[in-house]
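A closer look at the structure
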Amino acid sequence: MDKIMIKNLEIFANHGVFPEETALGQKFIISAVLFTDTRKAGKTDDLTASIHYGEVSARITEFVQGHTFLLLERLLEELARDLLLNYDLLQQVTLEVKKPWAPVHLPLETVSVEITRGWHRAYIACGSNMGDKESYLKTGVEQLAASEDCRVKRVSDFITTAPYGYVEQDDFLNGVMEVETLLTPEELLDLLHEIEQNANRVREIHWGPRTLDLDILFYDDLILDTEDLHIPHIDLYKRDFVLKPMDQIAPWYRHPVLNRTIRELWEELQNSAGEKVE
């Protein structure tokens, strides 16, 4: 990915743990690496096809001077989020803040903190088999899209499928959505659980009836196994109610463990069940 670099922008602002730091202020030095695609701008000379580093420098200055935080870590976290939310062409940003007047009473030149943050692509399965199923699914999509830290890019058609696992229940309505998010996988999971709770989701029977079920299928090319979260989602390659809608919106996506595309997995599942591939 291409980079636009802003190096050592000096800003006088009020951040720090000690009261005199926030009261009197001090100098901070900010550097930023903006990750974006400059190809179109480079071919056309069109400024709107790139990120205006002058505008970004002014926004960084305004943000740093307009807020007060105790920790440099918090300053960078909030600044990165602000930039990513306000510049559509910005995919990732690396920020460094240097503090040359750090009150540690030792002969150091500067202390600094550096972070990298950016948009991540996730695929999320949604399902319902209670009440107004379509309404629950649409509400789930809308609530996810309403989060500032998420952008719903595509949503598959909703399909009716037989229950998986625990079969003594009504048929499901299922779909898959593609989402861009600033959240970590754990933060995204927390948000999905909150949306499920808003739909009065009750977890009583494993694979049992539910008003709304939201599961992370993929997150970039991440492979993650913890007590609470498995990415890619376990056994998704066996589930037609995941692969069919996923094939509709991202047939080219390659499973990071199995190294096979969604289209290949979907066709294999249909063939193994003796069905005609569509």
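First, a word on scope: everything that follows refers to the structure included in this document. (Residues numbered from 1 in each chain as written. Predicted model: local features only at pLDDT ≥ 70, side-chain atom pairs only at ≥ 80, totals over all residues. Heavy atoms only, no water.)

So, the side chain of Thr181
Structurally, Thr181 can be placed in strand S8 (residues 172-181). Residue Thr181 is classed as buried on the basis of its relative accessible area of 0%. At 3.1 Å, the side chain of Thr181 forms a polar contact with the backbone oxygen of Asp149. Not counting residues within four places of it along the chain, the set of residues in contact with Thr181 comprises Gly118, Trp119, His120, Asp149, Cys150, Leu188 and Tyr219. (Helix = DSSP H or I, 4+ residues; strand = E, 2+ residues; numbered from the N terminus. Buried < 20%, exposed > 50% of the residue type's maximum accessible area, 1.4 Å probe, protein only. Polar contact = N/O pair within 3.5 Å; in protein donor to acceptor, adjacent residues only side chain to side chain. Contact = heavy atoms within 4.5 Å.)

Description of the pattern of salt bridges
Under the definition given, this model contains 14 salt bridges. Close ionic contact of Asp235 with Lys238 constitutes a salt bridge, the shortest N to O distance being 3.8 Å. Given the relative accessible area of 24%, Asp235 is considered partly exposed. By relative accessible area, Lys238 is classed as partly exposed at 43%. Each member of the salt-bridge network shares a partner with another, and the members are Arg81, Glu148 and Asp149. (Salt bridge = Lys/Arg side-chain N within 4 Å of Asp/Glu carboxyl O.)

Some details on helix H5 (residues 133-146)
With 14 residues, H5 ought to run about 20 Å at 1.5 Å a step, and its terminal C-alpha atoms sit 20 Å apart, in line with that. Taken together, the buried positions of H5 are Lys133, Leu137, Gly140, Val141 and Leu144. One face of H5 carries all of its buried residues, which in axial projection span an arc of 95°. What points out from H5, more than 90 degrees from its buried face, is the exposed set Glu142 and Ala146. Elements that come into contact with the buried residues of H5 comprise strand S5 (120-128), strand S6 (150-155), S8 and helix H6 (185-198). (Expected span 1.5 Å × (residues − 1). Arc of directions from axis to C-beta.)

With respect to the sheet that holds strand S1 (residues 2-13)
Pairing is antiparallel in the open sheet, where four strands are placed in the order S1-S2-S3-S4. Each having just a single partner strand, S1 and strand S4 (111-118) make up the two edges of the open sheet. This sheet shows a mean twist of 15° between the axes of neighbouring strands, independent of strand direction. Two strands pair when backbone bridges link them, and strand S3 (residues 92-99) and S4 are joined in this way by eight bridges, in the antiparallel orientation. By the bridge assignment for S4, Lys99 is matched with Val111. In this fold helix H3 (residues 53-66) packs onto S1 and strand S2 (26-36), with an angle of close to 35° to the strand it touches most, S1. The sheet strands contacting helix H4 (residues 72-86) are S2, S3 and S4, and the helix crosses S3 at an angle near 145°. (Pairing = 2+ DSSP bridges. Axes fitted to C-alpha atoms, helices over the stretch in contact; angles between N-to-C directions.)

Quick look at unusual backbone geometry
Residue Pro232 is reached from Ile231 by a cis peptide bond, and omega for that bond is -5°. With respect to the secondary-structure elements, Pro232 resides in the loop between strand S11 (230-231) and helix H7 (240-249). The backbone of Asn8 shows a phi angle near 60°, a positive value even though the residue is not glycine. If you trace the backbone, Asn8 turns up in strand S1. Relative accessible area serves as the criterion here: at 34%, Asn8 is assigned to the partly exposed category. Here the phi dihedral of Asp235 falls at roughly 65°; this positive angle occurs in a residue that is not glycine. Within the fold, Asp235 resides in the loop between S11 and H7.

Brief notes about the packing of aromatic side chains
Any aromatic ring pair is given by two values, namely how distant the centres are and how the planes are angled relative to each other. In the structure shown here, the tally under the stated rule is three aromatic pairs. Measuring from centroid to centroid gives 5.2 Å for Tyr123 and Tyr253, while their planes differ by 65°, and the two rings are edge-to-face. In this pair, Tyr123 is assigned in strand S5 and Tyr253 in the loop between H7 and helix H8 (262-272), connecting sequence segments 130 residues apart. Residue Tyr253 is classed as buried on the basis of its relative accessible area, which comes to 3%. The ring of Trp119 is capped by Arg151, whose NZ or CZ atom sits 3.8 Å from the centre of that ring. (Phe/Tyr/Trp six-rings, centres within 6.5 Å; stacked < 30°, edge-to-face > 60°. Lys NZ or Arg CZ within 6 Å of the ring centre and 35° of its normal.)

Looking at the packing of H5 against H6
H6 packs onto H5 with a crossing angle of 135° between their chain directions and a minimal axis gap of 10 Å. The angle between the axes of H5 and H6 places the two elements in the oblique class. Between H5 and H6 the crossing geometry is right-handed. Side by side, H5 and H6 meet where Gly140, Gln143 and Leu144 of the first sit next to Leu188, Leu191, Leu192, Ile195 and Asn198 of the second. (Parallel < 35°, antiparallel > 145°, perpendicular 65-115°, else oblique. Left-handed = near helix turned anticlockwise from the far one by under 90°.)

That's the geometry; what it means functionally is another story.
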